[in-house]
Amino acid sequence: MLFRSTSTTARTITRLAVDPSDTVAWQHRVGGDLDASVAQGPDGTIFTMAGRTAFNYVPVVREPMVVGIDGRTGQRRFAVAPIAPSYCASAGGYSELSRFDAPLTVDSEGVAHVLGIVRDQNGVTPESCGPTALADIYLAARVVHYRITPDGTTTATELYRHASEATYFTFRGRFFTVPDDRGGALAAWEWCAGAQGACRTL
């Protein structure tokens, strides 16, 4: 049995031995205080999203990542960061620039699927790789599908490029990934044109 706990300073995942013949018990400190989805594959690999919550006009995440944990030992196998926008060498740990969106799902082959947003234009000149970009207010952005295997090998596939139909647009709905039976996933997300504009699901 897996048990997760979150405080204002830390988040842990604990494996509890509930059967007399089961002697494996451990606790893994994920790091950060982000209370996000957890999924386990058939080989025992545990995937979870991690990061530190902060505030930049709206709630944001610092150092967003997907962490892989060995389900038998509780040891971290890997940590995957979201890809960076074209004008940055890295996303610098700011979810305003690039982020994952829950929920994270795992298919029958043990591969994790999660969507993310990459900010292609952040509304400042020159474009900054820091947290000056307002969260959830976009002029141009990509929705990306991440496919992460149990050893941490990651494939990022661009699904859609959004550009502003008004002054800006936002992502305020839910994101979904539903694994199919061919190694892929069905994906859906919601975005809204402007502060009061109509929202659409793709």
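Details of the structure are given in the entry above.
Each chain has its residues counted from 1, running along the sequence as written. This being a predicted model, a pLDDT of at least 70 is required before a residue's local features are given, and a value of 80 or more before pairs of side-chain atoms are given or counted; all residues contribute to the totals for chains, interfaces and linings. The side-chain numbers reported here are obtained from all heavy atoms of the structure, hydrogens and water having been left aside.

Student: Tell me about the sheet that holds strand E12 (residues 169-170), and name the residues and values.
Tutor: Each pair of strands is called paired provided DSSP finds at least two bridges between the two strands. By definition, any uninterrupted DSSP run of H or I lasting at least four residues is a helix, any uninterrupted run of E lasting at least two residues is a strand, and each is numbered from the N terminus. Ordered in space as E12-E15-E16, the three strands form an open sheet in which the pairing is antiparallel. At either end of the open sheet lies a strand with only one pairing partner, and these are E12 and strand E16 (199-201). Here strand E15 (residues 190-193) runs beside E16; their pairing, made up of three bridges, is antiparallel. Counted as the bridge partner of Trp 191 is Arg 200 from E16.

Student: Which residues make up the pattern of salt bridges, and what values go with them?
Tutor: In the sections that follow, a salt bridge refers to a side-chain nitrogen of Lys or Arg positioned within 4 Å of a carboxyl oxygen of Asp or Glu. According to the stated counting rule, one finds eight salt bridges in the structure shown. Between Glu 63 and Arg 52 there is a salt bridge whose closest N-O contact spans 3.5 Å. Taken together, the positions of Glu 63 in strand E6 (residues 58-69) and Arg 52 in strand E5 (residues 46-56) put the pair 11 residues apart, joining distant regions of the chain. Note on Arg 52: relative accessible area 40%, which makes it partly exposed. The salt bridge involving Arg 142 is made with Asp 120; its shortest N-O contact spans 3.0 Å. We call a residue buried when its accessible area falls under 20% of the maximum for its residue type, exposed when it is over 50%, and partly exposed in between, using a 1.4 Å probe and counting protein chains only.

Student: Residues and numbers for the pairing of strand E10 (residues 140-148), please.
Tutor: Within E10, eight of the nine residues are buried, leaving the element largely enclosed by the surrounding structure. Sheet topology places strand E9 (residues 112-121) next to E10; nine bridges connect them, and they run antiparallel. Residue pairing in the sheet places Val 114 in a bridge with Tyr 146 of E10. With nine bridges connecting them, E10 and strand E11 (residues 154-163) associate as antiparallel partners. The residue bridging Ile 148 from the neighbouring strand is Thr 154, located in E11. What sits between the antiparallel neighbours E10 and E11 is a turn of five residues, in which Gly 152 has the positive phi angle 95 degrees.

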